[in-house]
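Each chain, letter by letter, is given below.
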Amino acid sequence: MADAGVLGTAAPARRRLSGFGSGEGVILAAVALYIGLFTLWPLGRLLAESLGADEEGRSFGILIDQWQSRSTARALWNTLEASLLASLVSVALGTVTALLVVLTDIRRKALVTFVLMLPLLIPPQITALAWIELAGPGSPILGPLGLAPAPGQTNPLYSLSGIVLVMGIEHATLVFLAVRAGLTGLPRDLVEAARLSGAGPLTTARRVILPLAGPSILAGAALAFVASIGNFGVPALLGIPGRYTMLTTLIYQRLNGFGPSVLGEVAAIALILILLTIAGLGLRAVLAGRMSAVVDRGGPVLAPFRLKTRRLPVELALWAVLVVIAVLPLLALLAASLKPAVGVPLTPDTATLDNYRFAVLGSEATRRAFANSLLLAGGTALVAALVAVPLAYLAVIRRLRPARALELVADTPYAVPGTVLALGVILVYLPPLPLLGVSIYGTLAIILIAYLARFLTLALRPVTASMETIEPALDEAARIVGARPLRRLVSIILPITAPAAAAGALLIFMTAFNELTVSALLWSTGTETIGVVVFFLQYEGNSPAASALAAVTVAVTLGLAGIIDLCARRLPAGVVPWRA
């Protein structure tokens, strides 16, 4: 029996090695080359640059100088202050809405979730721009109500409180998704036991459900914190005018002002962002591990509490909050895009579409930006989806350890701030390429490389979820009859995972089309993107044109979200977050 056991384990091992040595090895090597060139090399180069010696030859001299500078210390404090406060806003908003959606019988939960996700679906710089228009002296919504600041006054959002408010609302979705996942599937037995002991709904929620949701709330808070420290769009549009510098905007201002000569200095500052990211995610893992409790989720799931006569008031209050945080800023953005000029009130007589003609059709830079963004977003979506399928196949179906390691590495560029990745890409691809002797800095290729690294995980997650539903015996049967890995991928795996890969590609396109954080450091004349043009139109004071261009991109984003929603029935559960 012992020999049989040995043979029984040795045979699959030989099969894995045999397969690994043939077609699977080639596929794995190709994926490893992709991740190595676009992720590991730039991030490793950034780390080496930040830890290098200064001009006087002192070890870690660049790092020591930058970390001791007053401007870096001030930006670090501002980053921590704004991120922690914004995370508190996110936790309050995300937790309450998750409790209402999961634990009560309110109606239209999918629509509530979608509206709550709008601030996350829309790029940060456009969210910030919409809030600027809503809260400014010329607000078309607050003005008629007498709530807008007086003409000539500074927009109150150009401050710490403005950054905290907008980032807190934007990242509340992350807390909501984490808490909802933790609450979904809670066993009914626990709640029934509390009810039998005489506890009401509020007491049950406070003493039974919230303690069980504690790890999920912490996980959401950590994600909101990490997202806040890496946010560039909101601090750039609200913090720079308000002279409130955070680490991401300090890096941008240094690089924009002094050029590649300060790459070592900004790399040392970027290292702080990496350490903060690691600290945030590490703290989340430690606290979640200590507070987690073993709960049997195999029984019947919890039925929502019936609100009875209180359902309508609760629904009205919830929708009032959602309209204020998600709908009114977009309406203000739309209204601002119809104004003929800054400071001119919007009336039926003054409303004009000239801003759309100028921003979308009349400006050569904008037309070029549309073409560039379409090309970059489309190319990234296509390539990332094509890479995600074989990587997920090797990691999930074939269970190869190197593929699993590559899967983890692929998440890194999305976890670290986009500014950090962009700096790493500059360090690697600014000098002439080895063997070719040509630099791709200043071309679309360098932006594409950064996008390919950053957004791969958006295609990988839904494809992996789809792959986990496939019975491995299908692949094994095809392998036994002699089908090679590439043929198995194309004939068996791809038809099943194609809808998930398409959904991932759409998510990538939707995100990359409006991207700013990475593009802001990599663009040059001729390679502008939509996010960059919106940012600079606003920066130059042409907010009506910026609003018009932003409104068009919002329409594109919502259209893509609609396509994903139509495909929801053919996708694995959880791929479309507002349908989960």
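Fair warning: this is a prediction, and the values are worked out from it, not measured in the lab.

What counts and how
- Note that residues are indexed from 1 along each chain, following the sequence as it is written.
- Note on the predicted model: pLDDT of at least 70 is required for a residue's local features to be given, and 80 or more for side-chain atom pairs to be given and counted; whole-chain, interface and lining totals, by contrast, use all residues.
- With hydrogens and water set aside, each side-chain value is computed from the structure's full complement of heavy atoms.
- In this description a helix means any DSSP run of H or I spanning at least four residues, a strand means any run of E spanning at least two, and both kinds are numbered starting from the N terminus.
- What the globule rule says is 2.2 Å times the number of residues to the power 0.38, and the radius of gyration is computed from C-alpha atoms.
- When a residue's accessible area, from a 1.4 Å probe over protein chains only, is under 20% of the maximum for its type it is buried; when over 50% it is exposed; and in between it is partly exposed.
- In what follows, a contact means two residues having at least one pair of non-hydrogen atoms within 4.5 Å.
- Residues scored as charged are limited to Lys and Arg (positive) and Asp and Glu (negative), so that His and the chain ends carry no count.
- Every charge is mapped onto a representative atom, which is NZ of Lys, CZ of Arg, CG of Asp or CD of Glu.
- By convention, a stacked pair of Phe, Tyr or Trp rings (six-membered ring in the case of Trp) has centres within 6.5 Å and planes under 30 degrees apart, an edge-to-face pair has planes over 60 apart, and any other such pair is tilted.
- Counted as a polar contact is a pair of N or O atoms within 3.5 Å, where, for protein atoms, one must be capable of donating a hydrogen and the other of accepting one, and residues adjacent in sequence contribute only when both atoms are in side chains.
- Within a predicted model, pLDDT stands for the predictor's per-residue confidence, ranging from 0 to 100.
- Just to be clear on terms, a salt bridge is a Lys or Arg side-chain nitrogen sitting within 4 Å of an Asp or Glu carboxyl oxygen.
- Here, nonpolar core refers to any group of buried Ala, Val, Leu, Ile, Met, Phe, Trp, Tyr and Cys residues whose side-chain atoms link them within 4.5 Å.
- Patches were defined on residues exceeding 30% relative accessible area and lacking a salt bridge, with like-charge contacts within 9 Å and nonpolar side-chain contacts (Val, Leu, Ile, Met, Phe, Trp, Tyr) within 5 Å.
- Working definition of accessibility: Shrake-Rupley area with a 1.4 Å probe, residue cover restricted to the visible protein chains.

S.K.: Talk me through the overall build of the chain; I want residue IDs and the actual numbers.
M.R.: Per the secondary structure count, the chain includes 23 helices and 0 strands. Relative to the 2.2 N^0.38 estimate, which gives 25 Å for 580 residues, the radius of gyration of the chain is 25 Å and therefore close to what a compact globule would have. Burial status across the chain gives 51% buried among its 580 residues. Sequence-distant contacts in the chain: of pairs separated by 6 or more residues, those separated by 24 or more amount to 77%. For the chain, the distance from the average position of its 41 positive side-chain charges to the average position of its 29 negative side-chain charges is 9 Å.

S.K.: Could you give me a rundown of the packing of aromatic side chains, with the residues and numbers involved?
M.R.: Within this structure, the stated rule accounts for 13 aromatic pairs. Considering the side-chain rings of Tyr252 and Phe535, the 6.0 Å spacing of their centres and the 85° angle between planes classify their relative orientation as edge-to-face. Here Tyr252, found in helix H11 (residues 247-258), pairs with Phe535, found in helix H22 (residues 530-539); they are 283 residues apart in sequence, far enough to count as distant. For Phe535, a relative accessible area of 3% translates into the label buried.

S.K.: Kindly report on the side chain of Thr72, identifying the contributing residues and their values.
M.R.: Checked against the element boundaries, Thr72 lands in helix H4 (residues 70-103). Here Thr72 falls in the buried class, since its relative accessible area comes to 2%. Here Gln66 takes part through its backbone oxygen, which lies 3.0 Å from a polar atom of the side chain of Thr72. Side chain to side chain, Thr72 and Ser69 meet in a polar contact 2.7 Å long. The residues contacting Thr72, other than those within four sequence positions of it, are Gln66, Leu247, Leu250, Arg254, Ile269 and Ile272.

S.K.: Now, about the confidence of the model for the chain: what can you tell me, with residues and values included?
M.R.: In this model, the chain carries a mean pLDDT of 85, and residues with pLDDT of at least 70 account for 91%. Low pLDDT (under 50) marks residues 1-19, which in the prediction has 6 contacts with non-local residues, meaning those over four places away or in another chain.

S.K.: Would you mind going over the pattern of salt bridges in detail, with residue names and values included?
M.R.: Counted according to the given criterion, the structure contains 15 salt bridges. Of the charged contacts, one joins Glu407 and Arg461 as a salt bridge, the two residues approaching to 3.8 Å between their closest N and O atoms. Of this pair, Glu407 sits in helix H16 (residues 401-415) while Arg461 is found in helix H18 (residues 444-467), placing the two residues 54 residues apart along the sequence. You can call Glu407 buried: its relative accessible area is 11%. For Arg461, a relative accessible area of 36% puts it in the partly exposed group. The structure contains a network of salt bridges with shared partners spanning Glu24, Arg398, Asp475, Glu476, Arg479 and Arg488.

S.K.: Before we move on, could you go through the nonpolar core and cite the residues and values that matter?
M.R.: One finds Leu423, Tyr429 and Met467 to be the most contacted residues of the largest nonpolar core, which totals 171 residues. Ranked by the residues each element gives to this core, the list is headed by helix H15 (residues 364-397), at 17 residues. Excluding residues that lie within four positions of it along the chain, Met467 makes contacts with Val389, Ala392, Tyr393, Val396, Ile397, Ile493 and Thr497.

S.K.: Describe the environment of Ile62, naming the residues involved and giving the relevant values.
M.R.: Structurally, Ile62 is set in helix H3 (residues 61-68). According to the relative accessible area criterion, Ile62 is buried, its value standing at 17%. For the pair Ile62 and Ala351, spaced 289 residues apart in sequence, the C-alpha separation works out to 54 Å. Every residue in contact with Ile62, bar those within four places of it in the chain, is listed here: Glu49, Gly52, Ala53, Asp54, Gly264, Glu265 and Ala268.

S.K.: Hey, could you go over the environment of Thr497 for me, with residue numbers and the actual values?
M.R.: Checked against the element boundaries, Thr497 lands in helix H20 (residues 485-513). Considering only alpha carbons, one finds Thr497 and Tyr393, 104 residues apart in sequence, at a separation of 9.9 Å. Setting aside its immediate chain neighbours within four residues, Thr497 contacts Val389, Ser466, Met467 and Ile470.

S.K.: Could you give me a rundown of a nonpolar patch on the surface, with the residues and numbers involved?
M.R.: Together, Leu47, Leu51, Phe60 and Ile64 give the surface a local cluster of nonpolar side chains, amounting to about 320 Å² of exposed area. Position of Ile64 relative to the elements: it lies in helix H3.

S.K.: Provide a residue-level description of unusual backbone geometry, including the pertinent values.
M.R.: If you check the backbone angles, Arg399 has positive phi at about 55° while not being a glycine. The topology assignment puts Arg399 in the loop between H15 and H16. Residue classification places Arg399 among the exposed residues on the basis of a relative accessible area of 51%. In this structure, Leu435 is a non-glycine residue whose phi angle is positive, near 75°.

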